[in-house]
Amino acid sequence: MRKSLPTCIPDILRAAFSQSTEPWFSGASRLMATVIWEEMANEGFTPANYGTHRWLKKDPTTNRILFARLDLGNSFECLIESLPRSSRAPYEEGGLVFSKCFSTDADLDVLQSALSLIASVPSLYATVAQYLRALHILESPGVDYDVSHSDPGVPFSIFASVPLFERKGRLRLAESIIHECMHLQLTMAEEVLPLVEAPEVRLFSPWRQTLRPVTGVLHGFYVFAVVHEFFRDLSLTGSLTSDESVFVSERCRQIRDEAAQVGFLASAEGLTDNGRSLVRHLNRCLDL
């Protein structure tokens, strides 16, 4: 899908990169999402009839298997959707394991609690709500282990495990939701404002502990910078328990330590001038 985004969006992004603004760039997110919906309308899709299976099949009328609907406010809604085998198989081949027993009450309680935490930072919540149209529940391989995923070809859907009855579960789920929505946002931004000029360049990723394409390292740096800023803002709201405050503080320290390993990105090969500008902005957000 070619995204012919209006020329004002790259100007908004460039301005945001050069200022001390929130790294989720709420001024551009609504515009980007609106234009994507306008293009998807050419294939018959609207926010009301969207679903991951429908989008993958390019058929806005095919059946959707829904567990639940989450009201995000401002007429935004997120579907908790199950995928039939034909749409699920490619993701399973990539290692994702889909939940077979969605416990509506328990899962929805954690989901709502995680979304409430995100809503404590209103501009971030408004940005996340632009992209969170469908959520698919994954199985986690173990206690205190989270799994999440997004597909750049599926613009308004994310996949995440829901940590039920586990340590700091709502904070961890909030991080997963933000993480994947910001991957989707950066993918949209890259369509109108190229950030990478040599995608064949490979750099060490502290998150994967291996060499990765520069695009993947930039994406990791971006989404974790957003998570760090969210946790920092959240810690100032007074809405956390003492244990949660300790968790958030430790998570911020860990993210900074990992991000510091790629702080050199602003001078690394492979990025455009706009990509370097974004990295410098993220370095400022992380106090690197």
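Residues numbered from 1 in each chain as written. Predicted model: local features only at pLDDT ≥ 70, side-chain atom pairs only at ≥ 80, totals over all residues. Heavy atoms only, no water.

(A) Summary view of the overall build of the chain. The helix and strand inventory of the chain stands at ten helices and seven strands. Its C-alpha atoms give the chain a radius of gyration of 18 Å, near enough to 19 Å, the size a compact globule of 288 residues would have. With the principal axes as the frame, the chain shows a C-alpha extent of 50 × 50 × 35 Å. When burial is assessed residue by residue, the chain has 53% of its 288 residues classed as buried. Within the chain, residue pairs in contact and separated by at least 24 positions form 68% of the contacts whose partners lie at least 6 positions apart. (Helix = DSSP H or I, 4+ residues; strand = E, 2+ residues; numbered from the N terminus. Rg over C-alpha atoms; globule rule 2.2 N^0.38 Å. Buried < 20%, exposed > 50% of the residue type's maximum accessible area, 1.4 Å probe, protein only. Contact = heavy atoms within 4.5 Å.)

(B) Representation of the nonpolar core. By size, the foremost hydrophobic cluster in this structure holds 95 residues, and its most contacted members are Ile118, Ile177, Phe230 and Leu265. With 13 residues, the single largest contributor to this core is helix H8 (residues 214–235). Among residues more than four places away in sequence, those in contact with Ile177 are Ala114, Leu115, Ile118, Val128, Leu132 and Ile158. (Core = buried A, V, L, I, M, F, W, Y, C linked by side-chain atoms within 4.5 Å.)

(C) Local environment of the packing of aromatic side chains. Under the definition given, this model contains eleven aromatic pairs. Aromatic side chains Phe98 and Phe159 sit 6.0 Å apart centroid to centroid with 75 degrees between the ring planes, which places their arrangement in the edge-to-face category. On the criterion of sequence distance, the pair formed by Phe98 in the loop between helix H4 (85–93) and helix H5 (104–119) and Phe159 in strand S5 (residues 157–161) is long-range, its members being 61 residues apart. Pairing Trp207 with Phe224 gives two aromatic rings, centres 5.2 Å apart and planes at 15 degrees, and the pair type is stacked. Residue Trp207 is located in the loop between strand S6 (202–205) and strand S7 (210–213), and its partner Phe224 is located in helix H8; the two are separated by 17 residues in the primary sequence. (Phe/Tyr/Trp six-rings, centres within 6.5 Å; stacked < 30°, edge-to-face > 60°.)

(D) Layout of helix H7 (residues 169–192). The terminal C-alpha atoms of H7, which comprises 24 residues, lie 36 Å apart, in line with the 34 Å expected from a rise of 1.5 Å per residue. Counting buried positions over the 24 residues of H7 gives 22, a clear majority of the element. (Expected span 1.5 Å × (residues − 1).)

(E) Summary view of the packing of helix H2 (residues 26–40) against H7. For the pair H2 and H7, the least separation of the axes is 10 Å and the interaxial angle reads 75 degrees. Taken together, the axis directions place H2 and H7 in an arrangement best described as roughly perpendicular. Mapping the contact onto sequence places Ser29, Met32 and Ile36 in H2 and Gln185, Met188 and Ala189 in H7. The residue inventory of the contact of H2 with H7, partitioned by class, reads four nonpolar, two polar and no charged. (Axes fitted to C-alpha atoms, helices over the stretch in contact; angles between N-to-C directions. Parallel < 35°, antiparallel > 145°, perpendicular 65-115°, else oblique. Nonpolar A, V, L, I, M, F, W, Y, C, P; charged D, E, K, R; others polar.)

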